[in-house]
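Topology and contacts: notes
The lines below spell out each chain.
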Amino acid sequence: MHVEGAAAVVLAAGQGVRMKSKRAKVLHKLAGLEMVRHVVGSVRAAGIDRIYVVVGHQGAQVREVLEDVTCVEQAEQLGTGHAVDQCRAVLADFDGPVLVTYGDTPLFTGATFRELLAYHTEMGAAATVITALVDDPTGYGRIVRDEAGDVKAIVEHKDASPSQREIREINTGTYCFDSKLLFKHLKEITPDNAQAEFYLPDVLPLMIKAGYKVAGYVLSDPKESLGINDRVQLAQAERIMQERICRDLMLSGVTIIDPQSTSIEVDCVVGQDTVIYPQTIIQAGTVIGQDCVIGPNCRLVNSRVGSGVIMEHTVVVNSEVGDCIKLDPHSCL
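Quick look at the structure, then. (Residues numbered from 1 in each chain as written. Predicted model: local features only at pLDDT ≥ 70, side-chain atom pairs only at ≥ 80, totals over all residues. Heavy atoms only, no water.)

On to the state of the cysteines. Within this structure, the stated rule accounts for zero disulfides. Lacking any disulfide linkage, cysteine 246 is separated from the closest cysteine sulfur, that of cysteine 268, by 11 Å. Since its relative accessible area comes to 1%, cysteine 246 is described here as buried. The thiol sulfur of cysteine 292 is not disulfide-bonded, and the nearest other cysteine sulfur, from cysteine 324, lies at 8.7 Å. (Disulfide = S-S within 2.5 Å. Buried < 20%, exposed > 50% of the residue type's maximum accessible area, 1.4 Å probe, protein only.)

Below is the structure:
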């Protein structure tokens, strides 16, 4: 489904210091795919074709992994508001909803983005915040709503009163904006904070003060909003992504004996009635036919496996395996 008249801005300019890595954070892989590519893929799955990725740190390397999107340079990282403002020129002729999300929040689905756009339009809002209800909101901005249910304020944890700290609805940091109002109010925000940066959320109180509606769209699955700041969160996101991949395969007719010990990357295909035993890793575009028995302890990389194949304790890399073949245990192809 194509969303007529919608655009997206993906913020991917930061370094990601807490990753303790020589590689830009958004280039770290999740289920075999760079984080930023997951995000762009979800935006595209929502039906948005007009996509702008704001790049900065290791911008050339980020550009290399992206296809069919426009990259916009943020030469100096001066905050999220400044990053979005780099798209002012490319969106100058645009008058419609703009999704703003991050290259390090790769778990949002295309369905969520599509529902956000529909909700934003239905509510007639100047801005719509994706929110989440969490058990422990410590450290997150709290969503304060008015009697009508609209967003009245987003209060950061450190500024929240005791009663506001009881609020479990948090700001995920992903938004949908009316484009013209977004860029109008971006001109008005100031770097009046400890980091001396221009923060995107600062446009919201300006919109509210001007009398515009700010809506809050509540995620059905709070796990989608997980942002990745370090390798611990990367591992958490990997587990969530693996659960999704294995669930989709099992619902399509594949038996996975132990999803917790099975790793399958996003662009792999497994045929009906194939059984995957524990400690199996399936990577990088591997295609497996029907009625196979794979594992335990197999690794397949960029390979094509026919139907009716049996293998265990086997490594198959850049190879083809024909139909109805039983590989000897501990084979390497």
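With that settled, the discussion passes to the environment of cysteine 246. Structurally, the position occupied by cysteine 246 is in helix H8 (residues 231-251). Separated by 89 residues in sequence, cysteine 246 and histidine 157 place their C-alpha atoms 36 Å apart. Dropping the residues within four chain positions of it, cysteine 246 is found in contact with Ile256, Pro259, Thr262 and Ile264. (Helix = DSSP H or I, 4+ residues; strand = E, 2+ residues; numbered from the N terminus. Contact = heavy atoms within 4.5 Å.)

Let's shift gears to the sheet that holds strand S23 (residues 320-321). In spatial order, the strands read S14-S17-S20-S23; together these four strands make up an open sheet with parallel pairing. Each of the sheet's edge strands pairs with one partner strand only, and the pair in question is strand S14 (269-270) and S23. (Pairing = 2+ DSSP bridges.)

Mapped onto the elements of the fold, glutamine 74 is located in the loop between strand S5 (70-73) and helix H3 (80-85). At 3.4 Å, the side chain of glutamine 74 forms a polar contact with the backbone oxygen of glycine 79. When near neighbours in sequence (up to four residues on either side) are disregarded, glutamine 74 contacts Ala13, Val54, Val55, Gly56, Gly79, His82, Ala83 and Gln86. (Polar contact = N/O pair within 3.5 Å; in protein donor to acceptor, adjacent residues only side chain to side chain.)

Our focus in this paragraph is the pattern of salt bridges. Taken as a whole and assessed by the stated rule, the structure comprises ten salt bridges. Between lysine 213 and aspartate 150 there is a salt bridge, with its nearest N and O atoms 3.1 Å apart. Here lysine 213 is found in the loop between helix H7 (203-209) and strand S11 (214-218), whereas its partner aspartate 150 is found in the loop between strand S8 (142-145) and strand S9 (151-155), with 63 residues between them in sequence. Relative accessible area serves as the criterion here: at 13%, aspartate 150 is assigned to the buried category. (Salt bridge = Lys/Arg side-chain N within 4 Å of Asp/Glu carboxyl O.)

For the rest of this paragraph, the subject is the side chain of glutamine 242. Tracing the backbone shows glutamine 242 in helix H8. In contact with glutamine 242, not counting residues within four places along its chain, are Ala31, Thr262, Ser263 and Ile264.

Attention now moves to the pairing of S11. Counted residue by residue, S11 has four buried out of five residues, so it is predominantly covered. Summarising the sheet, strand S7 (residues 127-133) and S11 pair through five bridges and their orientation is parallel. Among the inter-strand pairings, threonine 131 is bridged to a residue of S11, identified as valine 218.

With that settled, the discussion passes to the environment of alanine 7. Among the structural elements, alanine 7 can be located in strand S1 (residues 7-12). A C-alpha to C-alpha distance of 30 Å links alanine 7 and glutamate 243, two positions 236 residues apart in sequence. Setting aside its immediate chain neighbours within four residues, alanine 7 contacts Ile48, Arg50, Leu91, Phe94, Pro97, Val98 and Leu99.

The strand order across the open sheet built from four strands is S13-S16-S19-S22, with neighbouring strands paired in parallel fashion. Strands at the two margins of the open sheet, each flanked by one partner only, are strand S13 (263-264) and strand S22 (315-317). Where S13 meets strand S16 (residues 281-283), two bridges bridge the pair, whose relative direction is parallel. Across the sheet, the residue bridging to serine 263 is isoleucine 281, located in S16.

A word on the packing of aromatic side chains. Per the stated rule, a full pass over the model turns up three aromatic pairs. Taking 5.5 Å as the distance between ring centres and 35° as the angle between the ring planes, the aromatic pair formed by phenylalanine 108 and phenylalanine 113 counts as tilted. Both residues of the pair, phenylalanine 108 and phenylalanine 113, count as buried. Ring geometry for tyrosine 119 against tyrosine 217: centres 5.6 Å apart, planes inclined by 55°, an arrangement best described as tilted. Of the two residues, tyrosine 119 is situated in helix H4 (residues 110-123) and tyrosine 217 in strand S11; the sequence distance between them amounts to 98 residues. Residue tyrosine 119 is classed as partly exposed on the basis of its relative accessible area, which comes to 24%. (Phe/Tyr/Trp six-rings, centres within 6.5 Å; stacked < 30°, edge-to-face > 60°.)

So far we have only geometry, and geometry alone does not tell us how the molecule works.
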